Amino acid sequence: MIYPKSAWVMAALVVLVSNTIQAQFSVSGHVYVADSASPLSDALVQAWPCGAIFSTDSYGTFNAECPTELDSLTVSSFGFTTVTIAFDGKSVIDISLTALRVAIDPISITGEFDQSEVLIAPTSDLMHTLDRTPGIRSLDLGAGLIQPVLRGLMGSRIAILDGGVPIVGGRWGQDHGVLVDPVLYDGIEWVPGGGHVWLGPNAVGGGVKFASIHLLETKGSRTQYGINYRIGDNRSKVYVLSRWRNKNLQFHLGFSASIFGDRNVPQKTFEYISRTYEIAEGRLPNTGGTAYHGLAGLIYATNELGQISLDIRWSNIQQGLFPGIVGIPSQSDLMGDGNIYSVELPNQSASRWLLSSKWMKRGELERTFLFSLSGNERIENAPPHAHGYGPKPMTDLSLSLHEYHLFAESKWEGDRGAFGFQAELLRGTTDGWEFLLPNHYRDRVSAIADYKFTSGTFGARVDMISTGNDSYSEPLYAINNEVIGEDIRATALNNVTPSWALSWFQPIDLEKINMSFTASTYTRVPSNYALAANGIHHGTFRFEQGNPDLKPETAFEVRAALSTSSEKFNIDIRSFASLHKGFIHITPTASFAPIAHSGQIYSFQATDAFRTGLEVKMNLQIGRGKLATTSSVLGQWALEIGLGLPFTSPVDIINSYAHPIDDKLSITLSHRAIAPSYLVARNEDFTKGASLFGMGLTFKMNKSALRLEADNLFNKNWLDHISAYRTLGLVAQGRWVSFSWSYDLQTFNKN
Amino acid sequence: MITLFSCGTTDTDPPTICTENVENGISTLDEVDADAGTTVTLLESFCDDEGLGELRWDIHSAEGHSHEGEEEEGFVLHSGTDWSVLEVQNLSGTNADGQISFDIPNTARGVWDVVVSFSDAEGNAAADMVTPLHVENDFIPLFTLTDVNGVDPATWTEEQVWSAGSTVTLTGTVEDSDGIADAEVLLIRESDETEIWSTEIAVSNETSIDFSIEMMVPSDATSGEYHLEMEAEDGAGNAMHTGFHLEVE
């Protein structure tokens, strides 16, 4: 359907004139392509101040609601300008998106296109949400944990922000995910690439931001809830998120709970340390568990005081660990017990709590102060076993990690830029008979500023980072279990190291094409893990050894973004190239671990590296349907040897075709092609490519939506090259079918 | 691209076995047979085009797992499974021999895996080489199970699952050239190492005793993992311990 441009302009004028000033809680309208006046489907419409995200249908129609008075909408779509639109009391609004030329008078534009941040459209599953975003991959660590991989980097090399607060919690490997549930947040964004001054010094691959719950504008309430069941690993999930506002005070409360069974895999045998094991009944035994997430918070806002918010978040996951993860399994360990939900040894318990408070006050300079205290606990229990000589441990506690983290940020923001300070303190303690990392700390203070010049934006950050750890030693045993010496596993370390980041963002507006370039240079101080680890890392199946002599690495990175659109086609391309001096990564050595069942020693080494990548997203309108393609290409090399860096994700292409069956029902067919992993590190196994099919049905009603999604329809047996399970030769999860229902109930005072 | 950015050596070839350099290298043997109480020497020769790194001998009980390419051992009653050997040796040059000598303790019986791992100086690791070591033992008593509930254990392909409250008949022999001084069968709950059932086999220093035991799995036995243990001591005071893993439901 093609809408004449003049009709849209007239409609907009009529709407503007006919509406009087009154509280505005909902708005509907259309999003269309400015040049052609054709409807734009799947555009994301974010309503402010509540932050709720909606999407347009195949007619470009949207219905956005907030439990409080709406003041603006942010509309974005790949290949088009992102705009933020302020309005006064209109109930219908039509918005044109152009190739980043923002001029749709008489509606005023209050926002600014920011090419450094990408809004992620949420789905019922966080892993799916991340995987369908080009440049992001995710590692499935069970239904409770997720590990984003941004441009080939993960763990402590990316930032994950919970309402602006960096999430810590031993994020040093493939197996250490983060505990978040996106249904308890007001949106997800990702920031590609390194050198973003406000993301902190670790965000080499970029950052993922989970937005805090926003303030409702007036009295009222909003409750979102839903249920989900997934055939495959038999996961069930329920969630509810409610907010109530009375005058100046808002309370919000949310909770989600899920239980998941043993992971289903289309595989009958696997190998570990050259041993062959059978898998019974198509499931990885002891990989089920439970996950709980909670949120309680309040926001108090007055003109005099500004806005003060207080949030308490809590997450807990109890999950079995596949017997190969901790120790050498016997075949009997892998036979299962008939109960896919049971959790036996080995198992893990991971929990996180966060107390955060934020104060914001508008003025000549907008003032923001953010303070948080968080705790992360990770406990691994396993059947006691000794490596080599020595007595058998007396407890099941193989490894525990407790980390406490304090973060503060003070920021002054004006029309032309911002400046501020960040500080964080991390204290970590470890325990258990499987030593991996000593007690450690990491403190940071940073001064940050950015300034918008006429031609571009300059950013700078200076940090002072203090890192260190305790010494650690164990008795050294002979074959007769007599102590014959001391096995020194870590020596005390205290470092104070400066680091910095500089960036320049340069937008270039052409007639039909919008482009931008970013150049950044930055340093990164080695992580505690890279400095002091020395033991078996069960999650990666290796003996990993830190290097206390490591120095900060330096990187120079350039990024480019290009987007253009026509009547039926739009494309968005992002690319980067990054040169790293002294890139710290884990590398196999010529030595074997001094303890049994632990294989080769992998040590952290610093070698120069080059990384480059390209991400493409294209949409093609075909009648009422839409063909969408996303693709990511990544290359990472250790320059001194010419081999790939570890865990370089292969080329990945996702094609999907969405077709509306009627106004409420739509179907999506998708195909994901994963190329073979030609770029591998030393001793890293080659991984074959894969071809996976999926489908989805969505039925949208007034306030609710029913969704059916299916992944890996033909139950293909495929290895995920970057998964922790890959090392065991264990394939990714097999076919799953998910049913979900969600409801969004809003009641508010319109007077 | 790899060539473009490569600034140093790119040795990605793992080291290899050079069987022609030694006689009876372990890679040429299908298995190694040895007696408890003896000294065993194993050797092999290794090559690399650039330079060798390290060699590791890892000898551990084969109970509870198998290795790729290994022939199925079937039902084996292991004893002395705690015994293991771990030794790391440096290899230098492009060709080097590795050798290990070890004493097999008098308490060991069953099958052990000899895993040979080796790397080159760049860290390229070859695939592990695994050879079974069959250990015979004339020092400690020998338990043989011929029949469990009417089934020869040698035909078992899966873990045994017994029901709480059921009766299990165990038939077999226990023998020792010094005579059997003591013999006992026990059912142990693995979660807390609690003995939940046991019986002694009547002995009077015979060198071979046939037994048939009716074991009652307690009706209040909680579901989970258990171990059937068989213990004996000969007239010379040599004690042995063996058994197998099972599940009670």
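In this text, all values refer to a predicted model and were calculated from it rather than measured experimentally.

### Notes on the overall build of chain B
Next, step 1: If you tally the helices and strands in chain B, you get one helix and 17 strands.
Next, step 2: Dimensions along the principal axes, computed over C-alpha positions, put chain B at roughly 75 × 45 × 30 Å.
Next, step 3: Counting every position in chain B, which comprises 249 residues, the buried fraction comes to 33%.
Next, step 4: Put simply, of all contacts in chain B between residues at least 6 apart along the chain, 75% involve residues at least 24 apart.

### As for the sheet that holds strand β6 (residues 85-90) of chain B
Hydrogen bonds between backbone atoms are what pair the strands of a sheet, whose relative direction is either parallel or antiparallel.
Residue and element names in this part refer to chain B.
Next, step 1: Ordered by their spatial adjacency, five strands build an open sheet running β2-β9-β8-β4-β6, and the pairing between neighbours is mixed. Each end of this open sheet is capped by a strand with a single partner; those strands are β2 (32-35) and β6. With strand direction ignored, the average angle separating the axes of adjacent strands in the sheet is 20 degrees.
Next, step 2: Strand direction decides the pairing type here: strand β8 (residues 110-120) and strand β9 (residues 129-136), joined by seven bridges, are antiparallel. Bridge pairing in β9 links valine 111 to histidine 134.

### Re the sheet that holds strand β6 (residues 83-86) of chain A
All names here are of chain A.
Next, step 1: Strand order in the open sheet formed by four strands is β3-β2-β5-β6, with antiparallel pairing between adjacent strands. In the strand order of this sheet, the two ends are held by β3 (53-55) and β6, each with one partner. Mean inter-strand twist for the sheet, computed between neighbouring axes without regard to direction, equals 25 degrees.
Next, step 2: The pairing of strand β2 (residues 44-48) with strand β5 (residues 72-76) spans five bridges and is antiparallel. Bridge pairing links valine 45 to valine 75 in β5.

### Digging into unusual backbone geometry
Next, step 1: Along the chain, Leu345(A) connects to Pro346(A) via a cis peptide bond; the corresponding omega equals -5 degrees.
Next, step 2: Residues other than glycine seldom take positive phi values, yet Arg151(A) does so here, at roughly 50 degrees.
Next, step 3: Locating Arg151(A) in the fold gives a position in the loop between β10 (146-150) and β11 (159-162).
Next, step 4: Judged by the 27 C-beta atoms lying within 10 Å of it, Arg151(A) falls in the buried class.
Next, step 5: For Asn205(B), which is not glycine, the phi dihedral falls at a positive 65 degrees.
Next, step 6: As for its placement among the helices and strands, Asn205(B) is situated in the loop between β14 (194-200) and β15 (208-216).
Next, step 7: A count of 13 C-beta atoms within 10 Å places Asn205(B) in the partly exposed class.

### Details of the confidence of the model for chain B
Residues and elements named next belong to chain B.
Next, step 1: On average, residues of chain B carry a pLDDT of 88, and 92% of them reach 70 or more.
Next, step 2: In this model, residues 1-6 is a region of pLDDT below 50 whose contacts with residues beyond four sequence positions or in other chains number ten contacts.
Next, step 3: This complex was scored by the predictor with a pTM of 0.81 and an ipTM of 0.78.

### A word on the environment of Pro166(A)
Residues and elements named next belong to chain A.
Next, step 1: Take proline 166: it is sitting in strand β12 (residues 165-166).
Next, step 2: The spacing of proline 166 and leucine 406 is 240 residues in sequence and 9.7 Å in space, taken between C-alpha atoms.
Next, step 3: Residues within four places of proline 166 in sequence aside, it is in contact with Ala159, Leu161, Gly200, Phe407 and Glu424.

### Some details on the environment of Val149(A)
Residue and element names in this part refer to chain A.
Next, step 1: As for its placement among the helices and strands, valine 149 is situated in strand β10.
Next, step 2: Among the residues examined, valine 149 registers 23 C-beta atoms within 10 Å and is labelled buried.
Next, step 3: Sequence-wise, valine 149 and arginine 137 are twelve residues apart; in three dimensions their C-alpha atoms are separated by 4.9 Å.
Next, step 4: Contact partners of valine 149, with chain neighbours within four places excluded, come to Ile136, Arg137, Ser138, Leu139, Met154, Ser649 and Ile722.

### As for the confidence of the model for chain A
Residue and element names in this part refer to chain A.
Next, step 1: Per-residue confidence for chain A gives a mean pLDDT of 85, with 87% of residues at or over 70.
Next, step 2: Low pLDDT, under 50, characterises residues 1-23; the predicted model gives this stretch 32 contacts beyond four residues in sequence or across chains.
Next, step 3: Under a pLDDT of 50 for its full length, residues 99-114 has, in the predicted model, 33 contacts with residues more than four places off or in other chains.

### Examining the nonpolar core
Residues and elements named next belong to chain A.
Next, step 1: The biggest cluster of nonpolar side chains holds 63 residues, and the ones touching the most others in it are Val149 and Ile158.
Next, step 2: Those residues in contact with isoleucine 158 that sit more than four places away from it in its chain are Pro148, Leu150, Leu153, Ala203, Gly205, Gly206 and Gly207.
Next, step 3: Residues Ala532, Phe592, Leu643 and Leu679 belong to the second largest nonpolar core, which totals 32 residues.

### Points about the pairing of strand β26 (residues 397-413) of chain A
All names here are of chain A.
Next, step 1: Sheet topology note: the strand β25 (residues 366-381)/β26 ladder contains 16 bridges and is antiparallel. Bridge pairing in β26 places glutamate 366 opposite glutamate 413.
Next, step 2: The sheet contact formed by β26 and strand β27 (residues 417-431) spans 14 bridges and is antiparallel. Following the sheet pairing, glutamate 409 is matched in β27 by glutamine 422.
Next, step 3: Between the end of β26 and the start of β27, which pair antiparallel, lie three residues.

### Observations concerning the domain arrangement of chain B
Residue and element names in this part refer to chain B.
Next, step 1: By domain assignment, chain B separates into domain 1 (2-136) and domain 2 (142-248).
Next, step 2: Distance between the C-alpha centres of domain 1 and domain 2: 34 Å.
Next, step 3: Listed as interface residues are five residues of domain 1 and, on the opposing side, eight residues of domain 2.
Next, step 4: Classifying every residue of the side of domain 1 that touches domain 2 by side-chain character gives two nonpolar, three polar and no charged.

### Concerning the pairing of strand β23 (residues 306-320) of chain A
Residue and element names in this part refer to chain A.
Next, step 1: For strand β22 (residues 289-302) and β23, the ladder comprises 14 bridges, and the chain directions are antiparallel. Counterpart to threonine 290 in the pairing with β23 is glutamine 318.
Next, step 2: Connecting β22 to the antiparallel partner β23 that follows it, the hairpin turn spans three residues.
Next, step 3: Relative to strand β24 (residues 347-361), β23 runs antiparallel, the two being bridged by 14 bridges. When the sheet's bridge partners are listed, serine 315 is paired in β24 with arginine 352.

### Quick word on the environment of Gly169(A)
Next, step 1: By the secondary structure assignment, Gly169(A) is in the loop between β12 and β13 (188-192).
Next, step 2: Ignoring sequence-local partners within four residues, the contact set of Gly169(A) consists of Val178(A), Arg352(A), Asn376(A), Arg378(A) and Glu403(A).

Cut-offs applied
Residues numbered from 1 in each chain as written. Chains lettered and ligands numbered in written order. Predicted model: local features only at pLDDT ≥ 70, side-chain atom pairs only at ≥ 80, totals over all residues. Helix = DSSP H or I, 4+ residues; strand = E, 2+ residues; numbered from the N terminus. Buried ≥ 20, exposed ≤ 12 C-beta atoms within 10 Å, placed from the backbone. Contact = placed C-beta atoms within 7 Å. Pairing = 2+ DSSP bridges. Axes fitted to C-alpha atoms, helices over the stretch in contact; angles between N-to-C directions. pLDDT = per-residue confidence, 0-100. Core = buried A, V, L, I, M, F, W, Y, C linked by C-beta atoms within 7 Å. Domains from an automatic or database assignment. Nonpolar A, V, L, I, M, F, W, Y, C, P; charged D, E, K, R; others polar.

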